[in-house]
Each structure stands twice: as structure tokens, then as C-alpha cells.
Amino acid sequence: MLKKALNNKITDIFNNEKGFSLVEMLIVVLIIAIIASLITTVYITSAKSQKDIINKAGSESNMRTALYIMTKDIREATDVSAATSDYLKFSADINNDSVSEDVEYILTGSSSAYTLNKKINGGSDIFIMDYIIDNSVFSYFTDSSGSVLQVPLDSQNLSTFKLVKINFTVNREPSNTIKAVNLSTVVSLRNRK
């Protein structure tokens, strides 16, 4: 009898429960979908921002390394034989062996992305930098007054200029100009005769 009463009580409990209506279920599904889309949007935005920061940091690191190498070489220049906005050729003892090497910095590529290479004594290309979007890498000055010499430099200016400005504008995503990173330095040719 106790068993029958207990079974009746359990049956009554299950029979009296009404559950959720279809409208209530749809509202719950809609709320879950809105929350999921918000979380997805925040995740995608933060992942994209992180990618942009990593790309910018990578570009800046590459530019600093390239500027360090180029600055070290150009400071040692004794004789400059060609100078344009995208090409520089000079003689310098860049490996400290008391023998001058012919060093060339050459910008190649198209307007969407240039590559800067270095050649020593006419040898094979040595990669320096890529994703450069402005082909005016080099500017030349006779002194620190700020007036830029017109390129290509004539024979008189080739023998007298004292400063070279190296300017990189780099963008790993050429379709988005907002993501361009710029870094420059001015190098004094301290070994000019």
C-alpha cells in the first residue's frame, strides 16, 4: 500500500509538470544565439588586433635591424659612385680587413611591394628588407641644414654630400594603407675624403 501511494505520488508529480512551451524555447535559443555572436565578435576582433600588433612589431623589428646594418656600412663609405632614391653604391671597408669593398643597396619590385637587397663586390643579392611600399628610401644632404639634393646626384654632389637619410615605409598588408609603419634615420658619412 505504501508502495502504491508512493508510485501515485511520483506519477502525480510527473503528470502535473507542464514543461516549456515552444515560444519559451525559441526565446532561450535566441538569447543563446545573441550571446554566442557577441562572444564570437569579441574573439574575432581581439584576434585581429593581436595579429595587427604582431605584424607591426615584426615590421618595426625588421626595419631596426635593416637600419642598423645599413647605418654601419654607410658610415664607413669613402667613395660614393652612384646615389638615387632607390639605389646607393659606395666603397667601404665594411668587414675591417683594411680592404675596401664595393657595396650596393638596390631596391627592386613593384609599387605594391619593394625588396631591398645588398651586394658586396658585385656578388649575389643579400636580402635586407621587404614589404617596402615607398621607393624613395634614400635622400642626400650636404649638411644638416635640411635642403635635400636632387637625385640622381651629379658628380659634384656625389663627392660632397655628407648625410644620407634612410626612410622605410613598410606594410605587410598593401591593401590596407592604415597599417603602414614608417621608420627613418640619418647617417653621417664620417670617412669621406
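Structure first, text after, so check above.
We now turn to the structure provided with this report. (Residues numbered from 1 in each chain as written. Predicted model: local features only at pLDDT ≥ 70, side-chain atom pairs only at ≥ 80, totals over all residues. Heavy atoms only, no water.)

So, a nonpolar patch on the surface
Side chains of Val23, Ile27, Ile31, Ile35 and Ile39 sit close together on the surface and give an oily, nonpolar patch of about 480 Å² of accessible area. Positionally, Ile39 belongs in helix H2 (residues 22-75). Judged by relative accessible area, which is 55%, Ile39 ranks as exposed. (Patch = residues over 30% accessible without salt bridge, like charges linked within 9 Å, V, L, I, M, F, W, Y side chains within 5 Å. Areas by Shrake-Rupley, 256 points an atom, 1.4 Å probe, with all protein chains shown as cover. Salt bridge = Lys/Arg side-chain N within 4 Å of Asp/Glu carboxyl O. Helix = DSSP H or I, 4+ residues; strand = E, 2+ residues; numbered from the N terminus. Buried < 20%, exposed > 50% of the residue type's maximum accessible area, 1.4 Å probe, protein only.)

Considerations on the nonpolar core
The biggest cluster of nonpolar side chains holds 35 residues, and the ones touching the most others in it are Ile74, Phe138, Ile166 and Phe168. With five residues, H2 is the single largest residue contributor to this core. (Core = buried A, V, L, I, M, F, W, Y, C linked by side-chain atoms within 4.5 Å.)

What to know about the pattern of salt bridges
Counted by the stated rule, this structure contains three salt bridges. For Glu76, the salt bridge identified is with Arg190, shortest N-O distance 2.8 Å. Of this pair, Glu76 sits in the loop between H2 and strand S1 (77-83) while Arg190 sits in the segment after strand S8 (181-188), placing them 114 residues apart in sequence. Accessibility expressed as a relative area gives 55% for Arg190, which makes it exposed. The closest approach of N and O atoms between Asp125 and Lys119, which form a salt bridge, is 3.8 Å. The class of Asp125 is partly exposed, set by a relative accessible area of 46%. For Lys119, a relative accessible area of 24% puts it in the partly exposed group.

The quantities given are spatial measurements derived from coordinates; they are silent on function.
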